[in-house]
Each structure stands twice: as C-alpha cells, then as structure tokens.
Amino acid sequence: MKVSIVIPCYNEAPNLRALAEHLGSLVKGGALQVVLVDNGSTDESPQIFKEYLGDRVRFPFIKTVRVEKNQGYGFGILAGLKAADGDILGWTHADLQTDPADVLRAAAVFADHAHSERIMVKGRRRKRSPGQQFFSWGMQLLASLVLGTWLSEVNAQPKLFPRAFYQTWQDPPHDFSLDLYALYMAKRQKYQVQTIDVDFPPRQHGTSKWAFSFKGRLKMILRTYKYIFELRQRVAQLK
C-alpha cells in the first residue's frame, strides 16, 4: 500500500527546507510519496523547489509540481492529487502547524483496518484558541444543518482516503471549500470517517494567509457559506 500525501505551498519559502528535512527523517523505504505543490508562489519558493527540493538523491520520496498562477488552495491540492501515484491519497499543510508525522499515524489506521477501502482518516485538532474553536464550531454546525449530516472538524488535517474515492469526484471546488467537499462526499458515499488527535501549535515562520486576520476569516466565512448552499443544490439535482 503506497501513500501519497499532497502538500500545497503558497509563499512558504521560510518553511520549505525545515519541512523537507522533517519529512526526510520520517520516510522509510518507498511507502510514502510526498507531492509538494508550488501553488503559484511569488516569494523565493520556486528557486527552493528547483535547487533544493528537486534533489532526487537527497529527497527521492518528493515529487514536485508547479502551478504557474495561484488559483486557490483547492486547485493546488487537486494538481497534486492528479500527479500522485499512491493507492491512498491525501493532503496536509506546509506551515508545520500540522506535523507531517500525523500522516504516518493516519496511514497506520488504513493498515490496521479490516475495510480500509471504505474509510477516510482525518485529524481532530487540539491546542487551539477559544476563538479558533468557536469559528470552527459555527461553520461545522451550519454545514451540518444545511447538508443533513454531521461534519466535524471540517478543515482539520491530514485527510487520507482511497484513490477510488478521489476518482468519484465531480467538479470539486478550487478554494478552501475542498475540505468541506471531500468530507461531505465521504459521508454521502457512506465511508467510515476515522479521526486521530493532532496538535495545532503556532506557526514557526511566516503568517497565515487567511485564518488569523479579520478580513481573511470574513472572506472564508462568506465563501464557505455560499458553497454550502451550492453543494446542497448540486446534491439535490443528483437525486
């Protein structure tokens, strides 16, 4: 069972070397492929991807993908999933707020599960501020009420699932709503959603592109609110 984990990177130059070194300390053999996506970065990331992450001797487990112009968080993930080779696919963040070691713990659930072809494994975040918890609770409550199924910790990482599940996706969103889409489609297709506890420490470098500014949060709230109803309408048309 080969696992491919996609990590979209947008202007994460200060984190990239530390991320690659940490990944290298975790990867054993060829069981894990890491697809690092330069998601249209405008900082020094392209150079680091080419000169450092592209070293196949040092990082044989890393596959790199370049998106020339940023078209959204989800677009970068989808570009990575398209390039991935694994039987189990998934994604996590590049900012080191989510430990890549969590991917290995999630993958172990598949190895131990009797029906691994019908499960999704995802994170359940700990060590979050009250404000972050309140925001997540409000959005997941709204999504659950509108879509008619309980959707917990929608944006928690990592997320891992069988390739067969990914191959059923139709017109997935290109922004942060991809997390909602993937979790809802798993529930709709009656996949068993397993969770693992993950820590969520402060960023080591840089600043969040959206989560820790009022403008970024408001923008995400409005986009997610709109997409929840779009998704409900689309599902109703399929019935």
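The model shown is predicted, which means the values in this text are computed figures rather than measured ones.

**Focus: the environment of Ser144**
- Mapped onto the secondary structure, Ser144 falls in helix α5 (residues 130-147).
- Taking the C-alpha atoms as reference points, Ser144 and Tyr184, separated by 40 residues in sequence, lie 9.2 Å from one another.
- Residues in contact with Ser144, not counting those within four places in the same chain, are Thr149, Trp150 and Leu151.
- A distance of 2.9 Å separates the side chain of Ser144 from the backbone nitrogen of Leu151, its partner in a polar contact.

**A short note on the sheet that holds strand β7 (residues 192-199)**
- Judged by pairing direction, the sheet is mixed, and its 7 strands sit side by side in the order β3-β2-β1-β4-β6-β5-β7 without closing on themselves. In the strand order of this sheet, the two ends are held by β3 (62-67) and β7, each with one partner. With strand direction ignored, the average angle separating the axes of adjacent strands in the sheet is 20°.
- Pairing between strand β5 (residues 119-126) and β7: 8 bridges, direction parallel. Residue pairing across strands places Met120 opposite Val193, the latter belonging to β7.
- Contacts from helix α4 (residues 101-112) reach β1 (3-9), β2 (32-39), β4 (88-91), β5, β6 (159-162) and β7, with the element oriented near 150° to β7.
- Helix α7 (residues 177-188) rests against β4, β5, β6 and β7 of the sheet, and its axis sits at about 130° to β5.

**Some points on a nonpolar patch on the surface**
- Taken together, the side chains of Trp137, Leu141, Leu145 and Trp150 present a nonpolar region at the surface, about 440 Å² in accessible area.
- Mapped onto the secondary structure, Leu145 falls in helix α5.
- Since its relative accessible area comes to 65%, Leu145 is described here as exposed.

**Some points on the packing of aromatic side chains**
- Evaluation of the coordinates by the stated rule reveals 13 aromatic pairs.
- Pairing Trp91 with Phe161 gives two aromatic rings, centres 5.8 Å apart and planes at 75°, and the pair type is edge-to-face. Within this pair, whereas Trp91 is found in strand β4, its partner Phe161 is found in strand β6, the two being separated by 70 residues in sequence.
- Given the relative accessible area of 0%, Trp91 is considered buried.
- An angle of 75° between the planes, with centres 5.6 Å apart, marks the rings of Phe161 and Phe165 as edge-to-face.

Criteria and cut-off values
- Residues numbered from 1 in each chain as written.
- Predicted model: local features only at pLDDT ≥ 70, side-chain atom pairs only at ≥ 80, totals over all residues.
- Heavy atoms only, no water.
- Helix = DSSP H or I, 4+ residues; strand = E, 2+ residues; numbered from the N terminus.
- Contact = heavy atoms within 4.5 Å.
- Polar contact = N/O pair within 3.5 Å; in protein donor to acceptor, adjacent residues only side chain to side chain.
- Pairing = 2+ DSSP bridges.
- Axes fitted to C-alpha atoms, helices over the stretch in contact; angles between N-to-C directions.
- Patch = residues over 30% accessible without salt bridge, like charges linked within 9 Å, V, L, I, M, F, W, Y side chains within 5 Å.
- Areas by Shrake-Rupley, 256 points an atom, 1.4 Å probe, with all protein chains shown as cover.
- Salt bridge = Lys/Arg side-chain N within 4 Å of Asp/Glu carboxyl O.
- Buried < 20%, exposed > 50% of the residue type's maximum accessible area, 1.4 Å probe, protein only.
- Phe/Tyr/Trp six-rings, centres within 6.5 Å; stacked < 30°, edge-to-face > 60°.

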